[in-house]
Amino acid sequence: MIWFNPHVTIEAINELGRSTMGEHVGMRFTEIGADYLKATLPVDHRTRQPYGLLHGGASCVLAETLGSVASALVVDPEKFICVGLEINANHVRSARQGVVTGTCTPIHLGASTHVWDIRIHDEREKLICVSRLTVAVLKKPSV
């Protein structure tokens, strides 16, 4: 188990997304396992580009949100904050409708950086996007 709080729930994770970009585009966390986090994103008017395909930026929103939240769940939130440093994404297939699901797993969980692998699939389990997110782990400023 990689999570700081081993009893964290999907409901609590979804509460973190209130009034954020994730909520605006319809993103929803759906599953947490010992070393992974999953979320869904609808392919609709909020997430399509002009040609009717899932916007690459929407895939990046899903990937970055998954990785950033996963990092925040790995560290002690009283002592650390996590911020994105770099994201890349390879868009290997398009999606026109339905829901895509992102699965986030760690590649590296260090003291100062985390690296996450995020794979986005459509409802037929076809790979849509492969993304890697690097997150900086910073000491929380003293109050």
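Structure: above.
Residues numbered from 1 in each chain as written. Predicted model: local features only at pLDDT ≥ 70, side-chain atom pairs only at ≥ 80, totals over all residues. Heavy atoms only, no water.

**Q** I'd like to hear about the overall build of the protein chain, residue by residue, with values.
**A** Secondary structure summary: the protein chain contains three helices and six strands in total. Along the chain direction, N to C, the helices and strands of the protein chain fall in the order α-α-β-β-α-β-β-β-β. At 15 Å, the protein chain has a C-alpha radius of gyration in line with the 15 Å of a compact globule built from 143 residues. Taking all 143 residues of the protein chain together, the buried fraction comes to 41%. Distance between charge centroids for the protein chain: 5 Å, based on 14 positive and 14 negative side chains. (Helix = DSSP H or I, 4+ residues; strand = E, 2+ residues; numbered from the N terminus. Rg over C-alpha atoms; globule rule 2.2 N^0.38 Å. Buried < 20%, exposed > 50% of the residue type's maximum accessible area, 1.4 Å probe, protein only. Lys, Arg positive; Asp, Glu negative; His and termini not counted. Charge placed at Lys NZ, Arg CZ, Asp CG, Glu CD.)

**Q** Run through the layout of surface pockets, naming residues and quoting values.
**A** A volume near 200 Å³ is recorded for the largest pocket. Taken together, N14, L16, G17, R18, T20, G22, E23, M27, R28, F29, T65 and V69 form the lining of the largest pocket. Elements that contribute at least two residues to the lining of the largest pocket include exactly α1 (10-16), α2 (21-24), β1 (28-32) and α3 (56-74). Residue composition of the lining of the largest pocket, by class: four nonpolar, five polar and three charged. (1 Å grid on protein atoms, 1.4 Å probe; cavity = no way out; pocket = protein on both sides within 12 Å on 5 of 7 lines; lining within 4 Å. Points joined across faces, edges and corners; volume = space filled by probe spheres on them. Nonpolar A, V, L, I, M, F, W, Y, C, P; charged D, E, K, R; others polar.)

**Q** Can you lay out the nonpolar core for me, pointing to particular residues and giving the numbers?
**A** If you look at the biggest cluster of nonpolar residues, it comprises 34 residues, and the most contacted ones within it are F29, L37, L66 and V100. Of all the secondary structure elements, the ones that give two or more residues to this core are α1, β2 (37-42), α3, β4 (99-109), β5 (113-121) and β6 (127-139). With nine residues, α3 is the single largest residue contributor to this core. When residues no more than four places from it in sequence are discounted, the contact partners of F29 are I10, I13, N14, L37, K38, A39, T65, L66 and V69. (Core = buried A, V, L, I, M, F, W, Y, C linked by side-chain atoms within 4.5 Å. Contact = heavy atoms within 4.5 Å.)

**Q** Outline the pattern of salt bridges, listing residues and values.
**A** A side chain with one charge may pair with a side chain of the opposite charge, provided their charged atoms come close. If you walk through the whole model with that rule in mind, you get four salt bridges. A salt bridge links R18 to E15, with the shortest nitrogen-to-oxygen separation between them at 3.0 Å. R46 is the partner of D44 in a salt bridge, and the nearest nitrogen-oxygen pair spans 2.6 Å. (Salt bridge = Lys/Arg side-chain N within 4 Å of Asp/Glu carboxyl O.)

**Q** Could you give an account of the environment of T47, with specific residues and numbers?
**A** Tracing the sequence through the fold places T47 in the loop between β2 and α3. Classification of T47 as buried rests on a relative accessible area of 1%. For the pair T47 and H24, spaced 23 residues apart in sequence, the C-alpha separation works out to 9.9 Å. A distance of 2.7 Å separates a polar atom in the side chain of T47 from the backbone oxygen of P42. (Polar contact = N/O pair within 3.5 Å; in protein donor to acceptor, adjacent residues only side chain to side chain.)

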